[in-house]
Amino acid sequence: LFVSRARAQAFASGCSAMLANVPPQMREMMKQRMATHGGGLSVSYAPSGQTATVAGYACTIYRVRVGSEHTSDACLADLSAAGIDAADQATVRKVFDDLRAMAQAATAGMVSSSAISQLPAGKFPVQMTRYNDGKVAEVSQIKSVNRAAVNRADFEIPAGYTEQEMPAMGMHH
């Protein structure tokens, strides 16, 4: 998948324009539905006082709240422990910030933050435990970190790629 920042911003702008034409009742219904998935509510991390080791990384368990609801636990390790230098950390943070900005634009401000974009600085999740109705619903865990160079060809525009209009929205893809 190859998406330029300009195309992503154009998509977000088009979505905002479409939402502007949504009747107020439907817009409110969409906000309520998004709120059940964290949209429009604040996301916060608070240390639980517990620690663990996951895939060889020492981590601190944080309680993740969306609004007032405890939705998950995140075992967060130090980025420096994974060999991720300051420049790469800044790049990752910038990506999270850009994704949050695009989500806000695409939803006309209905999405204010996400759990991943609110990670404490200098940390990365090695295990995430998600809850539904207070019960464990899913556990995601890092298995390994690969520091090998990325193949530049994986980021090249595919041969034969052409832009096409999306008739329903007037966007490009």
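Calculation criteria
- Once a new chain begins, its residue numbering starts again from 1 and follows that chain's sequence as written.
- Only residues with pLDDT of at least 70 are given local features in this predicted model, and only at 80 or more are side-chain atom pairs given and counted; all residues enter the totals for whole chains, interfaces and linings.
- Side-chain calculation: all heavy atoms of the structure are included, whereas hydrogens and water are not.
- Secondary structure counts use DSSP, requiring at least four H or I residues in a row for a helix and at least two E residues in a row for a strand, with both numbered from the N terminus.
- Burial classes follow relative accessibility: with a 1.4 Å probe on protein chains only, a residue under 20% of its type's maximum area counts as buried, one over 50% as exposed, and anything between as partly exposed.
- We call two residues in contact when some of their heavy atoms are within 4.5 Å.
- Surface accessibility follows the Shrake-Rupley procedure with a 1.4 Å probe radius. Residue values consider only the protein chains on display as shielding.
- Within a predicted model, pLDDT stands for the predictor's per-residue confidence, ranging from 0 to 100.
- When DSSP locates at least two bridges between a pair of strands, those strands are taken to pair.
- Working convention: axes come from line fits to C-alpha atoms, limited for helices to the stretch in contact. Angles between N-to-C directions cover 0 to 180 degrees.
- Residues belong to a common nonpolar core when they are buried Ala, Val, Leu, Ile, Met, Phe, Trp, Tyr or Cys residues joined through side-chain atoms within 4.5 Å.

A. Expanded view of the overall build of the protein chain. Across its full length, the protein chain carries three helices and seven strands. Of all 173 residues assigned to the protein chain, the portion counted as buried reaches 24%. For the protein chain, the share of sequence-separated contacts (at least 6 apart) that also reach a separation of at least 24 residues comes to 53%. For the protein chain, the exposed area adds up to about 11300 Å²; of that, 56% sits on carbon and sulfur atoms.

B. Main features of the confidence of the model for the protein chain. The share of residues in the protein chain with pLDDT of 70 or more is 64%, and the mean pLDDT across the chain is 75. Low pLDDT (under 50) marks residues 1–8, which in the prediction has nine contacts with non-local residues, meaning those over four places away or in another chain. Scored below 50 in pLDDT, residues 169–173 shows 21 contacts in the model against residues more than four places distant or in partner chains.

C. Quick peek at the sheet that holds strand β5 (residues 135–141). The antiparallel open sheet is built from five strands, whose spatial order is β1-β2-β3-β4-β5. Looking along the sheet, the strands with just one partner apiece sit at the ends: β1 (43–54) and β5. The sheet shows a mean angle of 25° between the axes of neighbouring strands, taken without regard to direction. Pairing between strand β2 (residues 57–66) and strand β3 (residues 69–78): seven bridges, direction antiparallel.

D. Summary view of the nonpolar core. Core analysis: the biggest nonpolar cluster contains 10 residues, these being Val54, Tyr57, Cys59, Ile61, Cys75, Ala77, Leu79, Ala82, Phe124 and Val126. Of all the secondary-structure elements, those providing two or more residues to this core are β2, β3 and β4 (123–132). For this core, the element with the most residues is β2, which contributes three residues. Apart from the residues within four sequence positions on either side, Leu79 is in contact with Ile84, Gln89, Gly122, Lys123 and Phe124. The next biggest cluster of nonpolar side chains, apart from the first, holds nine residues, and it includes Val43, Val64, Val66 and Leu76.

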